[in-house]
Structures are given as structure tokens and as C-alpha cells.
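Here is how the chains run, residue by residue.
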Amino acid sequence: MKRAAAWAVLPVLLVVAGILLFARDRWSGGGCDEQIVAGREPPSTDTLGYPEVVMVSTSGSVSPITGDWVAVQPSFSPAGDEVVVVRAEGDYESGGPNHSELWVVRPDGGDARRLTIGPLDDDPDWAPRHDRIAFVRFGGPSTPLIVVPSEGGEPRVVYRPPDGTWLATPAWSPDGETIVFLQIEATSATTDRTTLMIVNADGDGLRAVAPMPYTQSIDWHPDGDSVLVASETNAYVVDVGSGNVARVATGTARARWAHDGERVFFMTSPDGVLYEGRLSENQLTPRRRIAELDTAVYKYLDMDVNDCT
């Protein structure tokens, strides 16, 4: 009788478990609670221009991880167990910091280690194979694209543009074979030409993809066919093969794909609020606000998303 009773209860338990799993997936959008690592400006006007890096759960919790550093531009390791950030000396007002380096920390802020020595290292992006980090370095007649081993070692220049040209926002392809980035050339004292470029990780195969406005962030779609590009006010999807550009949102400063390739985490411009949205038929639509913070107190500057796989 006891065995029969147990078998009678089992279908009910399975149904309940199925309902709970369904509810979990509907809440998180993919079966887990993604984490966002973000740079933000602190509340006091006395510290304006001295940003910090924080962990933001999509359930709403916020945890600082860089202490009293001036830190921005975080990028998750592929496993989500480490974060590379730009640690700066000086502020981000006026002419910018005096010196900046890449540092690696755990998501709880522990085990901090210096990765580069500057003089002005910027825009890091962690390779999907975990072994390398791409970044750009200011401080000379041009801004080269550089790759450094993620465990430390000698940086290697992948691409050095012509003098008077600078680079920004490098992003690794999902297979780790290529890097897409923005190239900015001064065409006159008041105008620049900005182009989305791509190059193989070994420095070969450089080519232009499409002309673009100045970008705040670039993120590859998980299928590797397109990139999500956010300028200061708009977001675009760019087909890497054809160079076709589709504007998908306005009032958007930074944007990252979720692991499912359908949802997008993005920041509004100019107020810097974090949202989760969905991209469908070349239209990015916000679904829910993630950071329930007073925008007069905190402003988000940049971000990366743990792929939550």
C-alpha cells in the first residue's frame, strides 16, 4: 500500500516541479538569474567623475566590487568568475584620467591583480576562450589594438592604425577568431570619420565593415553573424558579412545580448538606467527596469553581462 501511495503522489510532484521551473524560466528569461557588472557614478557631486564598478543582479541587488578605486569598463571572464576593469588615477572629467591600467578582480571584489601598466589602457574585452583580453592603449601618435594573456604576460599589438587615428570598443567574436572595433580618423579640425572594422586575432584580414557613429559598446550576437552596436544615442544591429546596418533603438547608450540571443540588456541615454528588453523585427522594446535606483543619485556608465550558461 505504501509503494502504491508513493507512485500516486509522484505525478503530482512532477507537475508541481514543472510549474516551478516554468515560472523560474519566465522570470529570468532563460532559466537563470543573469548578473550585470557595471560602472556607475556615485551619488555625491563631490565625487562626480570618480566612478566605481558594481555587480547588479537582474533580481535587483547591487554590490560594489572595486572599493575606493576609480574604475570603469568592466568585462566578465567567460566563466563569470573574474572581471577585468580599467583602474584609473585621476578623474573622468575634463581631460580624463592621468593613468589607467587593467586589473582583474573576482565578482566579490577579492583577489585583485594588476594585468597591465598603462600608460592609458582602455576598453578591455575578455576572449571567449578565457586566455586573452583585448584592449586599446592611448599615449602615442595612434591607439593600437592590443591583446594580453589573461593570466599576465607580455602584451602583443594586433593592429596599429596610422598616426592620428585611434581605436575603441574592441569585441571578440564568439569563436575567438576575430575582433571587431571602431576606428576613428580625424578628417579635419572639427570632424572625424568613424568606421566599424574587423581583424583576425593574429592581425591578418583587416577590413572595414560599415561606417558608424562613435560607439559606446559593441557586442557580438551569439550566432557570430552580427554585432549589436550602441552609440551615444542609438543602437544598431550590423551584419558583419554584408555591412548592412539597421537602427533598432533610440535613446540607448550601451547594449549587450543576453545568452539566448533574443533579450538585450541596455542603458538609456542620457539618464543611464539599466533595462532588460527584447529585440524583435529590428525593434528593441524595454520589458522591465532592472536597477530600481533613483537616477538623480546613480547613473550607469557601462556594463557587461554574464552569459548565464
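In what follows, the structure referred to is the one given above.
Residues numbered from 1 in each chain as written. Predicted model: local features only at pLDDT ≥ 70, side-chain atom pairs only at ≥ 80, totals over all residues. Heavy atoms only, no water.

A. Representation of the nonpolar core in the model. With 17 residues, the main nonpolar core has L196, V227 and V238 as its most contacted residues. For this core, the elements supplying multiple residues, two or more each, are β12 (165-172), β13 (178-186), β14 (192-200), β15 (207-211), β16 (215-220), β17 (226-231) and β18 (234-239). Counting residues per element, this core draws most heavily on β13, which supplies three residues. Beyond its immediate chain neighbours, meaning those up to four positions away, V227 contacts V180, L196, I218, D219, W220, H221, Y236, V237, V238 and V240. (Core = buried A, V, L, I, M, F, W, Y, C linked by side-chain atoms within 4.5 Å. Buried < 20%, exposed > 50% of the residue type's maximum accessible area, 1.4 Å probe, protein only. Helix = DSSP H or I, 4+ residues; strand = E, 2+ residues; numbered from the N terminus. Contact = heavy atoms within 4.5 Å.)

B. Highlighting the side chain of E101. Along the chain, the position of E101 falls in strand β6 (residues 99-105). Looking at E101, its side chain comes within polar contact range of the side chain of H99, at 3.1 Å. When sequence neighbours within four positions are dropped, the list of residues in contact with E101 reads V85, V86, R87, R114, T116, I117, G118 and D121. (Polar contact = N/O pair within 3.5 Å; in protein donor to acceptor, adjacent residues only side chain to side chain.)

C. Inspection of the packing of aromatic side chains at higher detail. This model, assessed by the stated rule, comprises three aromatic pairs. A centroid spacing of 5.7 Å and a plane angle of 35 degrees characterise the contact between Y159 and F181, whose relative ring orientation is tilted. Of this pair, Y159 sits in strand β11 (residues 156-159) while F181 sits in strand β13, placing them 22 residues apart in sequence. Residue classification places F181 among the buried residues on the basis of a relative accessible area of 0%. Considering the side-chain rings of F266 and Y275, the 5.8 Å spacing of their centres and the 15 degrees angle between planes classify their relative orientation as stacked. Lying across the ring of W103, R87 places its NZ or CZ 4.5 Å from the centre. (Phe/Tyr/Trp six-rings, centres within 6.5 Å; stacked < 30°, edge-to-face > 60°. Lys NZ or Arg CZ within 6 Å of the ring centre and 35° of its normal.)

D. Region of the structure containing the sheet that holds strand β23 (residues 283-289). With respect to topology, four strands assemble into an open sheet ordered β20-β21-β22-β23, the strand pairing being antiparallel. The open sheet is flanked by β20 (252-257) and β23, the only strands paired with a single partner. Recorded for the sheet is a direction-independent mean angle of 35 degrees between the axes of neighbouring strands. With five bridges joining them, strand β21 (residues 263-268) and strand β22 (residues 274-280) adopt antiparallel strand pairing. Each bridged residue has a counterpart across the sheet, and for F265 the counterpart in β22 is E276. (Pairing = 2+ DSSP bridges. Axes fitted to C-alpha atoms, helices over the stretch in contact; angles between N-to-C directions.)

E. Region of interest: the sheet that holds β12. Ordered by their spatial adjacency, four strands build an open sheet running β12-β13-β14-β15, and the pairing between neighbours is antiparallel. The two strands at the open ends of the sheet, each matched to only one other strand, are β12 and β15. Direction aside, the axes of adjacent strands within the sheet are offset by 30 degrees on average. Looking at chain direction, β14 and β15 are connected through four bridges and run antiparallel.

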